[in-house]
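# A structural walkthrough
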Amino acid sequence: MSSFKKHILVTGGAGFIGSHLVRRLVNRYPDYRIVNLDALTYAGNLANLSDVATASNYIFCKADIRDSTALDRVFADYGITHVIHLAAESHVDRSISNPLAFVETNVVGTANLLNAALRFWDSDFADRRFYHVSTDEVYGSLGEEGFFTEETPYDPRSPYSASKAASDHLVRAYFHTYGLPILISNCSNNYGPFQFPEKLIPLMIRNIRLEKPLPVYGDGLYTRDWLWVEDHAAAMDLILHESAPGKTYNIGGNNEWKNIDLVRLLCRIMDEALDRQAGSSEQLITFVKDRPGHDKRYAIDATRIQSELGWEPTVFMEEGLRKTVQWYLDHQQWLDDVTSGAYQSYYEDQYANR
Ligand code: NAD
Ligand code: DAU
């Protein structure tokens, strides 16, 4: 008989957001066993979790959510009681060049995981949860005004967001059809340490340091709502513990930035951090060909999670960006490791004709 109160399967725990969530759960809940299942794609890195790797309530399990036999084995071997599902192909630009990979992992992989939970729990759903971590991109693109609420109709416009929308629909269908006790959250853009440098903020930090061009898509007036990644982990922790099955929560930072303004702020912070002449990094800004189907603006109305669960973002943008910049400057080896090899050829292909 296990002494752990909950056996939590976190998928994608070696990635950016997953690693922050795993660290939080391992440290806060010694009486839970945290099983981190990850295929270790280019985006997964066990170095992200070196500080908790030997914790007695932590287990890493290399497996692929496209492999249903492997999932059945993990549920049985570890007596899984709760799932927090983050494993996904997560980069919009990659979804444009290889959409099928997104269907296979994000849609089929999620269906495999739902089926594994359904089989293993066998209609006994007392103190069970299947928590699916999704994105605000499922709602599509906003004009100058308005916010995404939990009632906003789905209108995904990239292969990535379409695959996440499909997975959200499947998760809700398993709630209505089989009574699986699901939860969903849709979050805005995260930033912070350990983010793979294909995404805007770490890509710009890396290029500023190397004095390489800063590729701003289109006119740079696209708007995103940014959230410190540990605030997202805190929200997921609350939702897992406090929310009733079947519920959806939007999570956002109430922190909108046009890309060009954000890149300029990063340039200013990096000039100070690197002791460069004020204004020198801005000279690297280069407007490049736009992303096809580029969503104009995302903005989250997070009233539900604030009023029902008392969650609030705690880290404000300039402070969070300074911490992020410092982390990347202090972790040059991490950056070199993840940008060697396959990333080099992705970067060259992606930015060759822009
Ligand atoms: P990430 O790309 O950094 O990490 C994804 C992780 O999933 C990696 O560790 C990777 O190895 C793993 N993975 C990929 N395919 C897998 C497979 N077939 N089987 C098992 N593991 C696999 O992604 P992230 O930015 O940390 O995002 C995590 C989740 O949060 C995703 O579901 C994403 O859609 C969602 N999300 C991300 C953001 C954001 O701003 N990054 C915002 C809202 C929601
Ligand atoms: O909104 C949540 C989503 O945020 C998550 O679901 C995704 O997993 C995550 O990747 C992120 O998607 P975005 O497409 O918003 O993030 P990205 O960092 O790729 O781009 C942010 C903005 O910056 C977007 O408007 C495109 C622009 N951009 C991006 C890159 C990589 C550039 O201008 N230049 C670039 O080189």
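Note that this is a predicted model, so its numbers are computed, not measured. (Residues numbered from 1 in each chain as written. Chains lettered and ligands numbered in written order. Predicted model: local features only at pLDDT ≥ 70, side-chain atom pairs only at ≥ 80, totals over all residues. Heavy atoms only, no water.)

### A look at the overall build of the protein chain
Operational definition: Each helix is a run of DSSP H or I of at least 4 residues and each strand a run of E of at least 2, with the numbering of both proceeding from the N terminus. For the radius of gyration, the atoms used are the C-alpha atoms, and the globule rule reads 2.2 Å times the number of residues raised to 0.38. The rule is simple: take the accessible area with a 1.4 Å probe, protein chains only, and divide by the maximum for that residue type; under 20% is buried, over 50% is exposed, in between is partly exposed. Contacts: residue pairs with any heavy atoms within 4.5 Å of one another.
In terms of regular secondary structure, the protein chain is built from twelve helices and twelve strands. Since a compact globule built from 354 residues should have a radius of gyration of about 20 Å, the 20 Å found for the protein chain is in line with a globular shape. Seen along its three principal axes, the alpha-carbon backbone of the protein chain occupies a region of about 65 × 45 × 40 Å. Among the 354 residues that make up the protein chain, the fraction classed as buried is 56%. In the protein chain, once contacts between residues fewer than 6 apart in sequence are set aside, the share between residues at least 24 apart is 82%.

### Some words on the site of ligand 2
Formally: One heavy atom within 4 Å of a molecule or strand is enough for the residue carrying it to be called near that molecule or strand. Between N or O atoms, a polar contact is any pair within 3.5 Å; within protein, one atom must be a potential hydrogen donor and the other a potential acceptor, and residues adjacent in sequence are included only when both atoms are from side chains. Working definition of accessibility: Shrake-Rupley area with a 1.4 Å probe, residue cover restricted to the visible protein chains.
What surrounds ligand 2 is a group of 24 residues, the closest being Asp136, Tyr160, Arg291, His294 and Tyr351. Within the backbone of tyrosine 217, a nitrogen or oxygen atom sits 2.8 Å from an oxygen atom of ligand 2. Expressed as a share of its isolated accessible area of 690 Å², the protein-covered part of ligand 2 is 95%. For the shell around ligand 2, the secondary structure elements donating two or more residues are helix H6 (200–210) and strand E8 (214–217).

### A closer look at the site of ligand 1
We count it as follows: Under the grouping applied here, Gly and all other residues not named as nonpolar or charged are polar, the nonpolar ones being Ala, Val, Leu, Ile, Met, Phe, Trp, Tyr, Cys and Pro and the charged ones Asp, Glu, Lys and Arg.
Neighbouring ligand 1 are 30 residues; Ile17, Asp38, Ser90, Tyr160 and Lys164 lie closest to it. Between ligand 1 and the protein, one listed contact pairs an oxygen atom with a backbone N or O atom of leucine 86 at 2.9 Å. Between an oxygen atom of ligand 1 and a side-chain N or O atom of lysine 164, the distance comes to 2.7 Å. When isolated, ligand 1 has an accessible area of 840 Å², and the protein chains bury 97% of it. Elements that contribute at least two residues to the shell around ligand 1 include exactly helix H1 (16–28), strand E5 (129–135), helix H5 (159–178) and strand E7 (189–191). Ranked by residue count, the leading element in the shell around ligand 1 is E5, at three residues. Across the shell around ligand 1, the residue classes break down as 14 nonpolar, eleven polar and five charged.

### A look at the side chain of threonine 81
Within the secondary structure, threonine 81 sits in the loop between helix H2 (68–78) and strand E4 (82–85). Its relative accessible area of 9% is what places threonine 81 among the buried residues. A polar atom in the side chain of threonine 81 sits 2.8 Å from the side chain of histidine 82. Those residues in contact with threonine 81, other than ones at most four positions away along the chain, are Lys6, His7, Trp121, Asp127, Arg128 and Arg129.

### As for the environment of asparagine 45
Residue placement: asparagine 45 occurs in the loop between strand E2 (32–38) and strand E3 (58–62). For the pair asparagine 45 and glycine 15, spaced 30 residues apart in sequence, the C-alpha to C-alpha distance is 6.4 Å. Residues contacting asparagine 45, with those up to four places away along its chain left out, are Ala14, Leu40, Trp334 and Val338.

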